[in-house]
Amino acid sequence: MASSMKGRFKRFEHRFERVLWRLRLIAILPVIMSLVSTVVAFVLGTLEICKALVSLGDVASSKKTFVAELLGAIVTGIDLYLIGIALLIFGYGVYELLISPIEAAREHDQGGGGLLDIRDLDQLKEKLVKVLVVALIVSAFKAMLTLPINDGPSLAFFCLSVLLLSLSGYLVTGSGGKRLF
């Protein structure tokens, strides 16, 4: 009788584990949404830069802030590209970690260590943090373009901002002279 119960429990456990293993495939939903969001971010970034280039034709603009606004639009496009890259890394990493290794990526791998070479959750977090910090640095740079410098305190604030951006870049790249990606 005890071996019969043990056998039933083993079969139940085996079925449950198969269902549990297949349930990981629900992770395809955030992967697909992340990839769609990547495309949207890239399109929006391209549109933002194109808008800036079209406004370049209006060089006769009498606004004093024309160059800062033009650079701001270009930097916004770059920021959107960086957000798209972060979404791409997220989608790729979730797929690799939870669903299946991507064989096509392994075929073209030239020694590994690339931006999309994600083997565990810590690598995914590290790469996402790096890209997001760079995106924040770019956003801060954009804000600094239009920062009015009229007196000593505003100049000190600007210098402090440059110092903090430099420190952020240094911390993201690491102290060992490693590359960002």
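Right above here is the structure, for reference.
Presented here is an overview of the structure given in this document.

Right, let's talk about the overall build of the protein chain for a bit. The helix and strand tally for the protein chain stands at six helices and zero strands. For the protein chain, the α and β elements follow one another from N to C terminus as α-α-α-α-α-α. Per-residue burial for the protein chain yields a buried fraction of 25% across its 181 residues. The long-range fraction of contacts in the protein chain, counting pairs at least 24 apart against all pairs at least 6 apart in sequence, stands at 68%. A total of about 12,400 Å² of accessible surface is found on the protein chain, and carbon and sulfur atoms cover 71% of it.

With that out of the way, let us pick up the pattern of salt bridges. This model, assessed by the stated rule, comprises four salt bridges. Two residues, lysine 51 and glutamate 48, come together in a salt bridge whose shortest N-O distance is 3.5 Å. In this pair, lysine 51 and glutamate 48 are both assigned in helix α2 (residues 28–55), three residues apart and thus about one turn of the helix distant. Given a relative accessible area of 19%, glutamate 48 falls into the buried group.

Packing of helix α5 (residues 121–145) against helix α6 (residues 152–173) leaves a shortest axis separation of 10 Å and a crossing angle of 165°. Taken together, the axis directions place α5 and α6 in an arrangement best described as roughly antiparallel. Handedness of the crossing formed by α5 with α6: left-handed. Between α5 and α6, the residues in contact are Lys130, Val133, Val134, Ile137, Ala140, Phe141 and Met144 and Phe158, Ser161, Val162, Leu165, Ser168, Gly169 and Val172, respectively.

In this section: the side chain of glutamate 96. Counting through the fold element by element, glutamate 96 comes out in helix α3 (residues 66–99). The class for glutamate 96 is buried, based on a relative accessible area of 9%.

A few words now on the nonpolar core. With seven residues, the main nonpolar core is built from Ala86, Ile89, Tyr92, Ile118, Leu124, Leu128 and Val131. Only α3 and α5 provide two or more residues apiece to this core. Here alanine 86 is in contact with Leu128, Val131 and Leu132, once residues within four sequence places are set aside. Of all hydrophobic cores here, the second largest spans six residues; its members include Val75, Val134, Val138 and Val172.

Counted by the stated rule, this structure contains two aromatic pairs. Measuring from ring centre to ring centre gives 5.9 Å for phenylalanine 42 and tyrosine 81, while their planes differ by 80°; the resulting arrangement is edge-to-face. Of this pair, phenylalanine 42 sits in helix α2 while tyrosine 81 sits in helix α3, and the two are 39 residues apart along the sequence. According to the relative accessible area criterion, phenylalanine 42 is partly exposed, its value standing at 31%. Among the residues examined, tyrosine 81 registers a relative accessible area of 26% and is labelled partly exposed.

As a further point, take the packing of α2 against α3. In the contact formed by α2 and α3, the axes pass within 8 Å of each other and the chain directions differ by 165°. Accordingly, the angle class assigned to the pair α2 and α3 is roughly antiparallel. Regarding α2 and α3, the two cross each other, and that crossing is left-handed. Each residue belonging to the contact of α2 with α3 can be placed in one class, and the counts come to 23 nonpolar, 10 polar and one charged.

Conventions we followed
- Residues numbered from 1 in each chain as written.
- Predicted model: local features only at pLDDT ≥ 70, side-chain atom pairs only at ≥ 80, totals over all residues.
- Heavy atoms only, no water.
- Helix = DSSP H or I, 4+ residues; strand = E, 2+ residues; numbered from the N terminus.
- Buried < 20%, exposed > 50% of the residue type's maximum accessible area, 1.4 Å probe, protein only.
- Contact = heavy atoms within 4.5 Å.
- Areas by Shrake-Rupley, 256 points an atom, 1.4 Å probe, with all protein chains shown as cover.
- Salt bridge = Lys/Arg side-chain N within 4 Å of Asp/Glu carboxyl O.
- Axes fitted to C-alpha atoms, helices over the stretch in contact; angles between N-to-C directions.
- Parallel < 35°, antiparallel > 145°, perpendicular 65-115°, else oblique.
- Left-handed = near helix turned anticlockwise from the far one by under 90°.
- Core = buried A, V, L, I, M, F, W, Y, C linked by side-chain atoms within 4.5 Å.
- Phe/Tyr/Trp six-rings, centres within 6.5 Å; stacked < 30°, edge-to-face > 60°.
- Nonpolar A, V, L, I, M, F, W, Y, C, P; charged D, E, K, R; others polar.

Such coordinate-based values are descriptive only and should not be taken to indicate function.
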